[in-house]
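Remarks on the overall topology
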Amino acid sequence: MESSSCCSSMVADLPQESFLQRTLERLPSTQSLKLTAEEAAPVAVVAIQRYLSEPTEGQQLDSYSYDVTITDGVWRAKCFLHPSLNHLVHRNTLRTGTDVSVRQCSFVYNERRLGHGYICIEKVESSAETSSLLPRINNPSSLPMLVKHGMERSVLLQSDVPLQVSRKHYLSLWNNDDPEGDMWISGSASPDPVLDVSKVTLLSSLESSFRASWKPLPLLVKIIHKSRLRYYGKFGLKIDYPFQTYFEVADQSGTMSLVLWNELCPEYYLRMNVGAVLYLQNYTLKQSYSNRSRPQMDHHRMKNFTSVEICLNPRNPAAVITVVSPKSVLPQWGLPEVSYQFTARSELEKISNGSACDVIGLVTFVGRVERVRSKGNKAPEKYWTYRWVHSVDGTSDRPFILELFSSSQPEIFNQICPMTYLVCTQMRVCQVEGSLPYLTSSCETEIFITGYHKGQPYVSDPRVKSFIQWTKTLKDNVVLQKTAVGGHYCYPPPPRRFSQSATDTSGQVPLVAASDLKRELESLQYREHKKLAIQGEIAAIRYRNDPKKVSNEPQDYSSDTHKDPADCLMSPSSDRSKANTRKRTNQLSKAVPSSLNCASSPAKRRLKYKNTKEREEQEEEESASAYEQQECQDSVASSWESSSWSKQREEITEHLRHGGLHQDSVSRRFTFDEKSALLRWSNLQPTRWTPQAAAAAAPPHTPSPGHYQLTILGINKQIAVDAAFLPVVRADDPRAVGLSQDPHDNSMLSCLSSGFLCPLRSTAGDEELTPRESEEILATARGLENTHVVCVLELCQLGGDKVEVLINKVYRVMDVTLD
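What comes next concerns the included structure. (Residues numbered from 1 in each chain as written. Predicted model: local features only at pLDDT ≥ 70, side-chain atom pairs only at ≥ 80, totals over all residues. Heavy atoms only, no water.)

**Regarding the packing of aromatic side chains**
Scanning the entire structure with this criterion turns up 23 aromatic pairs. With centroids separated by 5.9 Å and ring planes inclined at 45°, the aromatic side chains of Phe467 and Trp470 adopt a geometry described as tilted. Remark: Trp470 and Phe467 occur in helix H7 (residues 462–471); sequence separation between them is 3 residues, near one turn of the helix. For Phe467, a relative accessible area of 3% puts it in the buried group. Ring centres of Phe670 and Phe672 lie 5.4 Å apart, and the angle between their planes is 75°; on these two criteria the pair is classed as edge-to-face. For Phe670, a relative accessible area of 2% gives the class buried. Taking the relative accessible area as the measure of exposure, Phe672 reaches 46% and is therefore partly exposed. An aromatic cluster is present here, built from Phe365, Trp388, Tyr438, Tyr489 and Tyr491 joined pairwise through their rings. The cationic tip of Arg371 hangs over the ring face of Tyr383; the distance from NZ or CZ to the ring centre is 4.1 Å. (Phe/Tyr/Trp six-rings, centres within 6.5 Å; stacked < 30°, edge-to-face > 60°. Helix = DSSP H or I, 4+ residues; strand = E, 2+ residues; numbered from the N terminus. Buried < 20%, exposed > 50% of the residue type's maximum accessible area, 1.4 Å probe, protein only. Lys NZ or Arg CZ within 6 Å of the ring centre and 35° of its normal.)

Structure below.
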């Protein structure tokens, strides 16, 4: 079959052979094309785009569908991902910037539209974690799009719209709040038309006009608050662009809410910013919707008109919106200035819970971006994205602790890093009993960082000017020593007592059965975070301190119940640590259980190999010298197990082994040289591959901090789960902020209960990442024997098979309150 009969001849003279072109030529002759490993040449994933699924009769479908753009270096092809493969996106196994092999595909015609069809990927395998094709392509978007012959005029295949024809736009890959795609218009509009302001009406007159027969006169208002986007799409909704956003606008008479609807959001949302002046015509009025959040505006000292709101609709009637350029705004219009309520860190403890404030600070810590599932059970499911940030303003030795949710400003949210000046507006104060207060986003929160402050109304605020003056007294090299990026972070710390109420479940950590934990772990999606509690007893503990690497291997999801809980593949960091470990081992040798002894035969010690390299490393370990055997015994000495665990281990039905520490679990020091790499590492996987992202190589592996790995046996002794415990050791650890730090005896139980070693080390030294005298702490673990405890676990899906399970706090049953 000639290529001209199956695909566009736009680049027929290209010299390279194209796997995609050859595959498209074969598709018409079969319902589903299966490719052998030899036939399936690697292709690179350029983009993954998400949108609301189309309902299909008789099929249980995912809430969302995915279009995947791939390239073989000659052509690009936008393909539909079969819904059975959606889980690969959910866990970030299929992601941009990697090579994959398409092993099965088909060509799907749209039966209700002429000239439209697409390739459907039905089976795909990972080929390379980092693409070998993409670095050779300067600009993937410059490659021609592969289109079947006769479909060259298909707009859907050539433009930034979904392959499913009933959907008109894409959504952000990981949340529903961020603008996504070419349809979102930014920048200034065309030159201002001549405005007739002689007939404008005031907001104060609109309340009396509501429900009366009236002809709307033009409005001239200034935006003083702006909410994030709201996507309200759902199955069966016949609206092409189901978006909505709120603004608070003001004139000389007061303030009122304004609502922007549907396709007007892509056209105007990015242009209607706080401080902008609007000239509005053909608007409508409706009774205000009471069940929504509103900004706190007492500081504006203006009358709030809350009974009605202004609606801007794309039709019936079509609103006319003019965003007036700043140079055309006249003082005689009498529009109020935008005002703020900046709060210093030294004042935060005095502000009542739930109050709103604006803050400015120098960023010192930025956590990784995580996701949390919306509590609503209605389809389609949705996730919020958020990250934790610390910033300082010079008025206190304590930082602002900020919980920042996406504010529909992805270009800013993804660029937050240490050493930048961060402004957050309309943050809500959360006072925490026994700990430091923190601030969390509201629907009206906006964030701005260095590079985005110019032209913002707050730049003339006295508190902002005072902050800038303070930063001029700082030295970068001093501040950099106090910075960190990424890693596990959770706030606020758990309360002193675990409470369970039958009537009020708000705010309490869900207590789940051990049998439900596996389902919870397997249902996690990429970077999804959950906090759960289980009850049982601690059956075994081992101390890990491998300075070479943190676990980056996929975790074992098997239900193996007979593997030894300790392995010998650990090497102390230095001769000094070897000597220290041997000394402590001699003191504790009598306490080491025989079941953990490394003197067993190599066959018994052999681990489940992940690849040839691991096997070679294991063989090297087995042929090591007697000195290395002694080193292995030293490592195993850092273990404890209950007297009944060896028997219980044989009787349990499942052992969930997700509890290793990963590279993504540990924060890193920020440096300007690694800025791009650290941002890429701590942010979510991007929707599109870009050469700039590829240039930001992953940051190097960091030494593993010393940590404990615990095996928790469920209360009914049928299921066990592994979890890592990474105690706070240093005062400069971001997790140390807000800890109660009450003195304790450094027993195993008190460390698990408090989360830190006492006292915290104030300066970093040679062993700042190694918990002090870990064996001495382990020697106290016998106090956990047959002790009924409640363990609060932090779960996070880190991509692929990597699942983080960390212990946040351990309660004895006597520390539990029942209401």
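**Brief notes about the side chain of Arg76**
Among the secondary structure elements, Arg76 is positioned in strand E4 (residues 76–81). No salt bridge forms around the buried Arg76; measuring N to O, its nearest opposite-charge neighbour Asp160 is 9.0 Å away. In terms of polar contacts, Arg76 uses its side chain to reach the backbone carbonyl oxygen of Ser141, at 3.3 Å. Leave out the neighbours within four places in its chain, and Arg76 touches Leu20, Thr69, Ile70, Thr71, Pro140, Ser141, Leu143, Pro144, Met145 and Leu146. (Lys, Arg positive; Asp, Glu negative; His and termini not counted. Salt bridge = Lys/Arg side-chain N within 4 Å of Asp/Glu carboxyl O. Polar contact = N/O pair within 3.5 Å; in protein donor to acceptor, adjacent residues only side chain to side chain. Contact = heavy atoms within 4.5 Å.)

**Some details on the pairing of strand E31 (residues 789–799)**
Within E31, 11 of the 11 residues are buried, which leaves it mostly tucked inside the rest of the structure. Bridge count between strand E24 (residues 529–544) and E31: 8 bridges; the pairing is antiparallel. Following the sheet pairing, Gln535 is matched in E31 by Val790. Pairing analysis gives 10 bridges linking E31 to strand E32 (residues 802–812), with the strands arranged antiparallel. In the sheet register, Gly799 faces E32, and the bridge partner there is Lys802. The loop that links E31 with its antiparallel partner E32 comprises 2 residues; one of these, Gly800, has a positive phi angle of about 65°. (Pairing = 2+ DSSP bridges.)

**Regarding H7**
All buried positions along H7 are accounted for by Val464, Phe467 and Thr471. Taken end-on, H7 shows its buried residues confined to a sector of 60°, consistent with a single buried face. Close packing links the buried residues of H7 with strand E15 (356–366), strand E17 (383–392) and strand E19 (421–430). Of the residues that open H7, the one with a side-chain oxygen 2.9 Å from the backbone nitrogen of Arg463 is Asp461. (Arc of directions from axis to C-beta.)

**Remarks on the environment of Val100**
Mapped onto the fold, Val100 is located in strand E5 (residues 99–109). Measuring from C-alpha to C-alpha, the distance between Val100 and Glu129 comes to 8.8 Å, with 29 residues separating the pair along the chain. Sequence-distant contacts of Val100, that is, excluding residues within four places in its chain, are made with Ala41, Pro42, Val43, Val45, Leu94, Val124, Glu125, Ser126 and Ser127.

These figures capture arrangement, not role.
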